[in-house]
Amino acid sequence: MAPMPTDNRLLQPLSPALDHLPAAWGAALAVDDAQRALTAVCAYVDARVAAGAAVYPHTPFRVLELLRPEQVRVVILGQDPYHGPGQAQGMAFSVPDDCRRPPSLRNIFKEIAAEYPDSGIPEGNDLTPWVHQGVLLLNTSLTVEQGQPASHARRGWETVTDALITLVARAAQPKVFMLWGAHAQSKRALLPENDNTRVLVANHPSPLSALRGPVPFMGCGHFRQANEFLLERGVKPVDWGLPHKKLVPQQEMWL
């Protein structure tokens, strides 16, 4: 896959990007309800871009391009992409390494460090190494406009991503769903209860809710619980650590 562009706005029509998806994702989106919703949301997003709106990210389907349904071991659900310039990458919670770390991602790293004390806190923010290990970082809306959180919610994305969640939920391989916050937990009805599916529930990692009950995110133990579940079923666990990359401060790049 080509490197992520510096300008992370969506600049091209959305529909052609579907041609790059693995066939299994495309099959799930060809079902009538999902197809109608996808057609409607693509038309809406394309119209907003044509009208001059700054829409993020540049590659809304990126996580689906990197990962096939049968490779998914863990699903982490977000709500919609980051709405600031240079942030969203097409993967929930992930931002480029040289981007300022969002508060929710900071708490995610803190929780991992608490569960795995030897892992430390990564210097970078790009969660692509998780995706390469089978972690589906899926927002329930795949586009957003600059400075307007949830601006593309209820335009059809939810029907589209429900179809993707349902596809993974029905797959045969063991997998873990991490549902953080009320929005993610609203998808609980899509998930089966069986020996190959584990659902972990906690508050959202945002500083506004990470320490609140009924299940605070901080101290939830989800990353270790997910790996224990996978190991019990003979599946390789996820290495939640990230490469410790030395970042070059912006002001030094031109020296």
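Up top you'll find the structure we're talking about.
Note that this is a predicted model, so its numbers are computed, not measured.

> Outline the side chain of T128, supporting the account with residue identities and numerical values.
Among the structural elements, T128 can be located in helix α5 (residues 128–131). Here T128 falls in the buried class, since its relative accessible area comes to 10%. In contact with T128, not counting residues within four places along its chain, are R62, L66 and M91.

> Just give me the short version of the pairing of strand β5 (residues 175–180), but keep the residues and values in it.
Within β5, six of the six residues are buried, which leaves it mostly tucked inside the rest of the structure. Judged by which residues are buried, β5 turns out to be covered on both faces: K175, F177 and L179 on one side and V176, M178 and W180 on the other are all buried. Relative to β5, strand β2 (residues 74–78) runs parallel, the two sharing three bridges. What sits directly across from V75, in β5, is F177. Two strands pair when backbone bridges link them, and β5 and strand β6 (residues 197–202) are joined in this way by six bridges, in the parallel orientation. Paired with K175 across the two strands is T197, which belongs to β6.

> Describe the packing of helix α4 (residues 103–115) against helix α8 (residues 222–232), with residues and values.
Where α4 meets α8, the closest approach of the two axes is 8 Å, and the angle between their N-to-C directions is 60°. Comparing the axis directions of α4 and α8 gives the class oblique. For the pair α4 and α8, the contacting residues are I108, E111, I112 and E115 in the first and H222, F223 and R224 in the second. Of the residues assigned to the contact of α4 with α8, the class counts are three nonpolar, one polar and three charged.

What counts, and at which threshold
- Residues numbered from 1 in each chain as written.
- Predicted model: local features only at pLDDT ≥ 70, side-chain atom pairs only at ≥ 80, totals over all residues.
- Heavy atoms only, no water.
- Helix = DSSP H or I, 4+ residues; strand = E, 2+ residues; numbered from the N terminus.
- Buried < 20%, exposed > 50% of the residue type's maximum accessible area, 1.4 Å probe, protein only.
- Contact = heavy atoms within 4.5 Å.
- Pairing = 2+ DSSP bridges.
- Axes fitted to C-alpha atoms, helices over the stretch in contact; angles between N-to-C directions.
- Parallel < 35°, antiparallel > 145°, perpendicular 65-115°, else oblique.
- Nonpolar A, V, L, I, M, F, W, Y, C, P; charged D, E, K, R; others polar.

Purely geometric numbers; function is a separate question.
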